[in-house]
Amino acid sequence: MKAIGGYFELELSNNKEYHSNAICLNSGRNAFEYILRAKEYKKVYLPYYTCEVMLEPIEKLNIEIEFYSINEKFTPIFDFTQLGKTDVFVYTNYFGICDKQVLKLSKEVDNLIVDNSQAFYSIPLPNIDTFYSPRKFFGLADGAYLFTDKKLNLNIKQDISMHRVQHLLGRIEKGAEEYYKFFQENDNKLKNQPIKRMSELTKRMLKSIDYDDVAYKRRTNFKTIHNILKEFNNLTFNLENTSVPMVYPFWISNGSELKKVLINNKVFTSTYWENVKDWTSSGTLEYEFTENVLFIPIDQRYNEKDLLLIVDLLGLEKGRITSA
Ligand SMILES: Cc1ncc(COP(=O)(O)O)c(C=O)c1O
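Source: prediction; values computed, not measured.

Time to look at the layout of surface pockets. The calculated volume of the second largest pocket comes to roughly 290 Å³. Along the walls of the second largest pocket sit 18 residues, with Asp99, Ser122, Ile123, Leu125 and Thr242 positioned nearest its centre. When residues of the lining of the second largest pocket are assigned to their parent elements, the largest contribution, 4 residues, is made by helix α3 (residues 99–108). For the lining of the second largest pocket, the residue count by class is 9 nonpolar, 6 polar and 3 charged. A domain-level breakdown of the lining of the second largest pocket finds at least three residues from each of domain 1 (23–206) and domain 2 (211–313).

Here is the structure:
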């Protein structure tokens, strides 16, 4: 029987989840594992340009892997006629701005997995296996949403998140730097986990988010910074009307230098992904992206004033980037 009365728990809302029809799991990589198991794929085509944790399930299940390259529009350079019946092609919706590429691939590729870890708001396409890692968009410790038509006959345990949330609480009271090590530790705890059901804590946190507000802020911030930086950005893209971006990718020849300038001024930008430098060689596009694309935060915590401060730090002057 459920306990009634006594002390209170953390006060969280109980609204609707954004992906309310999804299978709720513990992490993006485990959602990927779920698909690989359910569909019994024998070979995975994975982009060079992705996160190394995507290898975990492939290695765990001992599946053959081959990497493929992308071009400057984040489009795969790949001959799809070579895909066999038991092969699967994985595509990442990069930074939440590749919905068009996803749509095109969904029409061309029979066995496709869409990795929407960076595209929380992108709606899954019918009959396309798709997964999400919501902690890339919100303050959460873990969790994943999965859309697939084949259920695994597994008795899956429910995850427990309460030992992985110190960084979320600590950042509020002590600041980002002091709790960065807890973030890293908690991130590491997600490694080599079995497939589990999403924890109750993460589910409640996901039910507490104002999804419309977050989407509006991210899109507004993205457009604001794109208006300023697009003339310097070696990447060209359009934000689709329904896309909600994760970060603003800014490719500039001295990106790695500018990243240091930002860090020295307490503007922390992620690197996507350090492992790509081990998987590729210098001179490839993926290596260059990892080295020189700056990922400017445009999320719900920030407003125009914050963005202008970042632009200022980049040393944008009279049509030129001058710092570094
Ligand atoms: C593109 C991409 N796919 C998948 C994942 C895995 O998600 P999770 O950390 O929830 O397992 C990550 C990051 O970790 C990622 O960046």
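Structure shown, so let's carry the discussion forward.
Close to the ligand lie 14 residues, the nearest being Gly28, Arg29, Asp115, Ser133 and Arg135. Between the ligand and the protein, one listed contact pairs an oxygen atom with a side-chain N or O atom of lysine 136 at 3.3 Å. In isolation the ligand has 380 Å² of accessible area, and contact with the protein removes 97% of it. A class-by-class count of the residues in the shell around the ligand yields 4 nonpolar, 6 polar and 4 charged.

Once that is clear, we can look at the pairing of strand β2 (residues 43–47). Along β2, 5 of the 5 residues are buried, which leaves the element largely enclosed by surrounding structure. By the alternation rule, side chains of β2 split into Lys43, Tyr45 and Pro47 and Val44 and Leu46, which are all buried. Relative to strand β3 (residues 64–70), β2 runs parallel, the two sharing 5 bridges. Residue pairing in the sheet places leucine 46 in a bridge with phenylalanine 67 of β3. At this point the chain moves from β2, through helix α2 (residues 55–60), to the parallel β3, and the crossover so formed is right-handed.

Evaluation of the coordinates by the stated rule reveals 19 salt bridges. With its nearest N and O atoms 3.3 Å apart, the salt bridge here joins arginine 29 to glutamate 56. Separated by 27 residues along the polypeptide, arginine 29 in helix α1 (residues 28–39) and glutamate 56 in helix α2 bring together distant segments of the chain. Of the two residues, arginine 29 and glutamate 56, both sit in the buried class.

Describing two packed helices takes the angle between their axes plus the distance from one axis to the other. Two numbers describe how helix α8 (residues 255–264) lies on helix α11 (residues 304–314): the axes approach to 9 Å, and their chain directions differ by 125 degrees. As judged from the angle between their axes, α8 and α11 are oblique. Viewed along their axes, α8 and α11 form a crossing whose handedness is right-handed. Seen from α8, the contacting residues are Leu258, Val261 and Leu262; seen from α11, they are Ile310, Leu313 and Leu314. Broken down by class, the residue content of the contact of α8 with α11 amounts to 6 nonpolar, no polar and no charged.

Moving on to the sheet that holds strand β6 (residues 112–115). Sheets are built from strands that pair by backbone hydrogen bonding, the pairs being arranged parallel or antiparallel. With mixed pairing, the 8 strands of this open sheet are ordered in space as β1-β8-β7-β6-β5-β2-β3-β4. Whereas interior strands pair on both sides, the edge strands pair on one side only; in this sheet they are β1 (23–25) and β4 (76–77). Here β1 pairs with strand β8 (residues 144–147) via 3 bridges, running antiparallel. Bridge pairing in β8 places cysteine 24 opposite tyrosine 145. Sheet contacts for α3: β4, β5 (87–92) and β6; angle to β5, the most-contacted strand, approximately 165 degrees.

Procedures and definitions
Residues numbered from 1 in each chain as written. Predicted model: local features only at pLDDT ≥ 70, side-chain atom pairs only at ≥ 80, totals over all residues. Heavy atoms only, no water. 1 Å grid on protein atoms, 1.4 Å probe; cavity = no way out; pocket = protein on both sides within 12 Å on 5 of 7 lines; lining within 4 Å. Points joined across faces, edges and corners; volume = space filled by probe spheres on them. Helix = DSSP H or I, 4+ residues; strand = E, 2+ residues; numbered from the N terminus. Nonpolar A, V, L, I, M, F, W, Y, C, P; charged D, E, K, R; others polar. Domains from an automatic or database assignment. Near = heavy atom within 4 Å. Polar contact = N/O pair within 3.5 Å; in protein donor to acceptor, adjacent residues only side chain to side chain. Areas by Shrake-Rupley, 256 points an atom, 1.4 Å probe, with all protein chains shown as cover. Buried < 20%, exposed > 50% of the residue type's maximum accessible area, 1.4 Å probe, protein only. Pairing = 2+ DSSP bridges. Right-handed = clockwise from strand over helix to strand, strands pointing away. Salt bridge = Lys/Arg side-chain N within 4 Å of Asp/Glu carboxyl O. Axes fitted to C-alpha atoms, helices over the stretch in contact; angles between N-to-C directions. Parallel < 35°, antiparallel > 145°, perpendicular 65-115°, else oblique. Left-handed = near helix turned anticlockwise from the far one by under 90°. Contact = heavy atoms within 4.5 Å.

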